[in-house]
Amino acid sequence: MRALLATLLALALPALAAAEPPRVGIVTPNAPPGTPLRELGYQLYAGNCAECHGTAGAGVAPSQSANGTGDIHAAGPPLRGVGARAADFYLRTGYMPLARADVQPRRSRVLFTPREVDALVAYVGSLGHGPPVPRPHPERGDVAAGLSLFTDHCAGCHQVAARGGYLPGAVAPPLDEATPTQVAEAVRIGPYLMPLFSTRAISDRQLDSIVAYVEYAKRPQDPGGLAIGRIGPVPEGLIAWFVGGAALVGCCVMIGKKAR
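Because the structure is a prediction, the values reported are computed rather than measured. (Residues numbered from 1 in each chain as written. Predicted model: local features only at pLDDT ≥ 70, side-chain atom pairs only at ≥ 80, totals over all residues. Heavy atoms only, no water.)

1. Some thoughts on the overall build of the chain
Each helix and strand in the chain was counted, giving ten helices and two strands. When the elements of the chain are put in sequence order from the N terminus, they spell out α-α-α-α-α-α-α-β-β-α-α-α. Among the 260 residues that make up the chain, the fraction classed as buried is 35%. Contacts in the chain between residues at least 24 apart in sequence constitute 61% of all its contacts with a sequence separation of at least 6. If you sum the accessible surface of the chain, you get close to 15,400 Å²; carbon and sulfur atoms cover 61% of it. (Helix = DSSP H or I, 4+ residues; strand = E, 2+ residues; numbered from the N terminus. Buried < 20%, exposed > 50% of the residue type's maximum accessible area, 1.4 Å probe, protein only. Contact = heavy atoms within 4.5 Å. Areas by Shrake-Rupley, 256 points an atom, 1.4 Å probe, with all protein chains shown as cover.)

What follows is the structure in structure tokens.
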């Protein structure tokens, strides 16, 4: 019993450590209408991001960090050269901003307006020569090939049904809310503990197939029978064992009575 409780607690800890956005909200600059996106992004960055990521994206090392505005633990990686791709992913998923820098970012509410996100992405994208926001084409991909690629590279953490899973010290999120662009960004960025995959490991054409499979996995067809809520192979297997086991026991009892 103790071992079971310890296992359940270990599985629950990553979820408990998931981060929410800062409770103090964000700083909105008093920019006049028509302010260029990059200029607006600079002002938003100065008020909301520079404390952790440093001036002009220089980064803040953990040894230099301190609790700043809103008691936010200020320590963040440099953003020079990460490009618009990383900023677009972290902002549009609600991964950033974080209230604490030492926990796993999780999908949550987006604190910025769409224009403010565009502005921040434009500003961070200007800090060096980083990659732009990708434009995947799942309509060009092959779902069957995507399933094979997803099984090889992604299912170990996210499950083959893309429903997410638990890892030591982390949570692999479900992908039901991920847009095609966000899936493509995550593959190339490798957020948190996820490994990044270069074009040598997964080509753009293969990435289109992976995105096509993830889109299919959101609303899969069930020609084989009852999906049982698509809750995953382990609970589905347990249900099969319980139902099948009960049916077998019932058959054995009936056969035994007739034999008497």
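Read on, since the account is not over.
2. Observations concerning helix H6 (residues 143-153)
Among the residues of H6, those classed as buried are Gly 146, Leu 149 and Phe 150. In a view along the axis of H6, the buried residues occupy a sector of 100°, so they form one face of it. For H6, exposure combined with an orientation more than 90 degrees from the buried face picks out Ala 144 and Asp 152. Buried residues in H6 make contact with helix H7 (155-158) and helix H9 (204-218). With a side-chain oxygen positioned 3.2 Å from the backbone nitrogen of Ala 144, the residue opening H6 is Asp 142. (Arc of directions from axis to C-beta. Polar contact = N/O pair within 3.5 Å; in protein donor to acceptor, adjacent residues only side chain to side chain.)

3. Description of a nonpolar patch on the surface
Together, Val 234, Leu 238 and Phe 242 give the surface a local cluster of nonpolar side chains, amounting to about 350 Å² of exposed area. As for its placement among the helices and strands, Val 234 is situated in helix H10 (residues 233-259). On the basis of relative accessibility, which here comes to 60%, the residue Val 234 falls in the exposed class. (Patch = residues over 30% accessible without salt bridge, like charges linked within 9 Å, V, L, I, M, F, W, Y side chains within 5 Å. Salt bridge = Lys/Arg side-chain N within 4 Å of Asp/Glu carboxyl O.)

4. Some thoughts on helix H8 (residues 180-189)
Counting buried residues along H8, eight of its ten residues qualify, which places the element largely inside the surrounding structure. All buried positions along H8 are accounted for by Gln 182, Val 183, Ala 184, Glu 185, Ala 186, Val 187, Arg 188 and Ile 189. Elements in contact with the buried residues of H8: helix H4 (83-92) and H9. Backbone geometry just downstream of H8 places Gly 190 in the positive-phi region, at approximately 70°.

5. Brief notes about the packing of H8 against H9
Helix-helix packing is characterised by the crossing angle of the two axes and by the distance between the axes. The geometry of H8 relative to H9 is characterised by a closest axis approach of 10 Å and an angle of 130° between their N-to-C directions. Taken together, the axes of H8 and H9 lie oblique to each other. Here H8 runs over H9; the crossing is right-handed. For the pair H8 and H9, the contacting residues are Pro 180, Val 183, Ala 184, Val 187 and Arg 188 in the first and Asp 204, Leu 207, Val 211, Val 214 and Glu 215 in the second. Across the contact of H8 with H9, the residue classes tally to seven nonpolar, no polar and three charged. (Axes fitted to C-alpha atoms, helices over the stretch in contact; angles between N-to-C directions. Parallel < 35°, antiparallel > 145°, perpendicular 65-115°, else oblique. Left-handed = near helix turned anticlockwise from the far one by under 90°. Nonpolar A, V, L, I, M, F, W, Y, C, P; charged D, E, K, R; others polar.)

6. As for the nonpolar core
In terms of nonpolar packing, the biggest core is built from 18 residues, with Phe 150, Leu 175, Ile 202, Leu 207, Ile 210 and Val 214 touching the most fellow members. Among the secondary structure elements, those contributing two or more residues to this core are H6, H8 and H9. Residue contributions to this core peak at six residues, all from H9. When residues no more than four places from it in sequence are discounted, the contact partners of Phe 150 are Ala 155, His 158, Gln 159, Val 160, Ala 162, Leu 175, Ile 210, Tyr 213 and Val 214. Tyr 45, Ala 119, Leu 120 and Val 124 belong to the second largest nonpolar core, which has 17 residues in total. (Core = buried A, V, L, I, M, F, W, Y, C linked by side-chain atoms within 4.5 Å.)

7. Overview of the packing of aromatic side chains
Per the stated rule, a full pass over the model turns up seven aromatic pairs. Taken together, a centroid distance of 5.2 Å and an interplanar angle of 50° make the contact between Tyr 45 and Tyr 123 tilted. Placement of the pair is Tyr 45 in helix H2 (residues 37-48) and Tyr 123 in helix H5 (residues 114-125), with a sequence separation of 78 residues. Residue classification places Tyr 45 among the buried residues on the basis of a relative accessible area of 3%. (Phe/Tyr/Trp six-rings, centres within 6.5 Å; stacked < 30°, edge-to-face > 60°.)

8. A few points about the confidence of the model for the chain
When the pLDDT values of the chain are averaged, the result is 84; 82% of them are 70 or greater. Of all helices and strands in the chain, the one with the weakest mean pLDDT is helix H1 (residues 2-16) (45), whereas H8 scores best (98). Low pLDDT, under 50, characterises residues 4-18; the predicted model gives this stretch 13 contacts beyond four residues in sequence or across chains. (pLDDT = per-residue confidence, 0-100.)

9. A short note on the pattern of salt bridges
Per the stated rule, a full pass over the model turns up four salt bridges. Of the charged contacts in the structure, one is a salt bridge between Arg 92 and Asp 118, with a shortest N-O distance of 2.5 Å. Placement of the pair is Arg 92 in helix H4 and Asp 118 in helix H5, with a sequence separation of 26 residues. Glu 215 is the salt-bridge partner of Lys 218, the closest N and O atoms lying 2.6 Å from each other. One end of the pair is Lys 218 and the other is Glu 215, both in helix H9 and three residues apart, which spans about a single turn. When its relative accessible area of 27% is taken as the criterion, Glu 215 is described as partly exposed. Within this structure, Asp 88, Arg 92 and Asp 118 form a network of salt bridges that share partners.

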